[in-house]
Amino acid sequence: MLILSIVLVIVISYLSFFGIKTEKLNDKIKHEILKLNQEISLELKDVKFLLNLRDLSIRIKTFGPVVTINKNELKLETIKTNISLKSFFNKKFSVDDLQISTKEIKLNDLTLLARSFKNSPELFILDKVIKNGFLVGDIDLNFDKNGQVKKDYEIKGFIKKGKLDIFKRYLIDDMSLFFNIRNKEYSLENIEVTLNKIKLLSPSMQVKVKDNKFLVNGTLSTNKKDISFEVLNRLFKNIYKGKEIKNIDLSSTNNFAFVVNKKFKISNFNLKSKIDLNNLLIKKNLPELKKYLPSFKNEFKLEEHKIFINYKNDKFDIQGKGKISIGGKIDYLDYKLNKKNDNYNFNTIFDINENSLLLSALNYNKEEGLKSKLILEGSYLKDKKIKFNSISLIDEDKNSFSIKSLNLNDKFKIINIDRLDLNFFNSNKINNQILLKRNKKKYEIYGKSFDLSSLIDKIMNSDNDETSSIFENSNHMFNININKTYLDKSTYVNNLIGNINFVDNKIYKLNLDSVFPNKKKLVLSININKNDEK
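Because the structure is a prediction, the values reported are computed rather than measured.

K.L.:
Explain the overall build of the protein here, please?
P.N.:
The helix and strand inventory of the protein stands at eight helices and 32 strands. Taking all 534 residues of the protein together, 42% fall into the buried category. Partitioning the intrachain contacts of the protein with sequence separation of at least 6 by distance along the chain shows that 46% fall at a separation of at least 24. When the accessible surface of the protein is summed, it comes to about 30700 Å², and 52% of that surface belongs to carbon and sulfur atoms.

If you want it as structure tokens, here you go:
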């Protein structure tokens, strides 16, 4: 009895750890597996049987099986299943589960195999976007009494050299990652991929299926590298549609989320990015900018910028700061920009230290090396108008310029301005202290002193052409009261009082009275007759 018990223990131990190989039940096993899936053919080699005393079952494992689907041959590593001891000895067993381990096979072949058992929306999408690549994977399936795959299936493994085309917009190449697919849920980890020619890394990405839609979220990062802005713009859904931005050298971390519907359309695209911008080159002919920044040569560079982007449903916020190079001279920018309803709101601080700044209408020239700060706050509107809520400029010599509520049309002509407050020394070394205030269509100009020489030259040399005006085509009246007004560098008059009346943006009437220091009066008058003659 003892010997029998020892032999029984040895046999059970051997069957549990080593099992036995046989081909006698191959046909029965094939029959049971093919009952689950009539779309495949199966070639089995040696089958090993292992005893599992814990649940009184037989573990069946076959090595090197070959599955054929639609004339595509898949060479697998193993197929495993469990059957009860009772059904095994009665030879009436059925397959309730399958564990399939693959050798290195093509991505499309694995999805083809998985879809033959369970054609889920997730696998349908995956099959459509895969163009190339290889994987080693494990498929774990459980079946109900009717031979249907239960919802607790799991597919996991490793992908290398993957190539995908997602909605003909996102081209993925050289992809490697670990994946785990469950019912209505994808999990991707340790992702390395080239997306639209940009090398990306991602620790994780999740896809969930809800209400026939795919909810996608994850993290992507890029290393420092020159990137075509055209490529970057396609990746982030045309945030900017201009063509002036050239190559970019940057690294970034991006958290994203979006929804894909049954027609593969993307919605609810959200993006949060942290960008280290090493270099960005912008080339554009901006004649208006040249008037103010003489060093500008149709291009400027942003260097060493820290930028944060928050993009959601076609709205975005951008915050950043760093260097700006204009004509090889480096100054500093601090900026905030947000888009809402096709309007762009901005708040910019521009430290203009190394560049010169020219305000020709006021005969002011900030020289290179003189520290100054320009602050701009306003909106670029969808009709291409610009609204400045405030503009201020202060230099280290305490020259100051302040503007409130300035509105410009698409040709940079003034629509209206609420307030202009000036206190500065110009190129003629004359102290200008002047204030302009708007009252509907009338403007009040008054102050202690003002160098009017540049404006007089412009008025006297004007041919009354609309293009010479800084105002949009409209009617304005200026009432003037200035204590001391310079006509040139040394000549001045006192108590300049009068008005200038514009009709259709042309001087209709001009009446200015003043007194020279020697008490002689100066009267300047312009009247336009019916023939539009002065």
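K.L.:
Please explain unusual backbone geometry as it appears in this structure.
P.N.:
Of all residues except glycine, most have a negative phi; of all peptide bonds, most are trans. Residues other than glycine seldom take positive phi values, yet Asn298 does so here, at roughly 65°. Tracing the backbone through its elements, the reader meets Asn298 in the loop between α7 (287-292) and β17 (299-312). In the Ramachandran plot, Asp342 falls in the positive-phi region, its phi being about 65° despite a non-glycine side chain. With respect to the helices, strands and loops of the structure, Asp342 is situated in the loop between β19 (329-340) and β20 (343-351).

K.L.:
Can you walk me through the environment of Ile480 in this structure?
P.N.:
When you line up the elements, Ile480 lands in strand β29 (residues 476-486). A C-alpha to C-alpha distance of 9.6 Å links Ile480 and Asn495, two positions 15 residues apart in sequence. If we ignore the near neighbours within four places in the chain, the residues touching Ile480 are Ile445, Leu496, Ile497, Gly498, Ile500 and Leu512.

K.L.:
So what exactly am I meant to see when it comes to the side chain of Lys339 here?
P.N.:
Inspection of the secondary structure puts Lys339 in strand β19. Given a relative accessible area of 11%, Lys339 falls into the buried group. Setting aside residues no more than four positions away along its own chain, Lys339 makes contact with Asp314, Lys315, Phe316 and Tyr344.

K.L.:
Where do I start with the pairing of strand β12 (residues 185-195) in this structure?
P.N.:
Taken residue by residue, a regular strand's side chains alternate between the two faces of the sheet. Bridging between strand β11 (residues 170-182) and β12 involves eight bridges; their strand directions are antiparallel. Residue pairing across strands places Phe179 opposite Leu188, the latter belonging to β12. Counting the residues in the hairpin turn of β11 and β12 gives two residues, including Lys184, whose phi is positive at 60°. Examined bridge by bridge, β12 and strand β13 (residues 198-210) share 10 bridges and lie antiparallel to one another.

Cut-offs and rules
- Residues numbered from 1 in each chain as written.
- Predicted model: local features only at pLDDT ≥ 70, side-chain atom pairs only at ≥ 80, totals over all residues.
- Heavy atoms only, no water.
- Helix = DSSP H or I, 4+ residues; strand = E, 2+ residues; numbered from the N terminus.
- Buried < 20%, exposed > 50% of the residue type's maximum accessible area, 1.4 Å probe, protein only.
- Contact = heavy atoms within 4.5 Å.
- Areas by Shrake-Rupley, 256 points an atom, 1.4 Å probe, with all protein chains shown as cover.
- Pairing = 2+ DSSP bridges.

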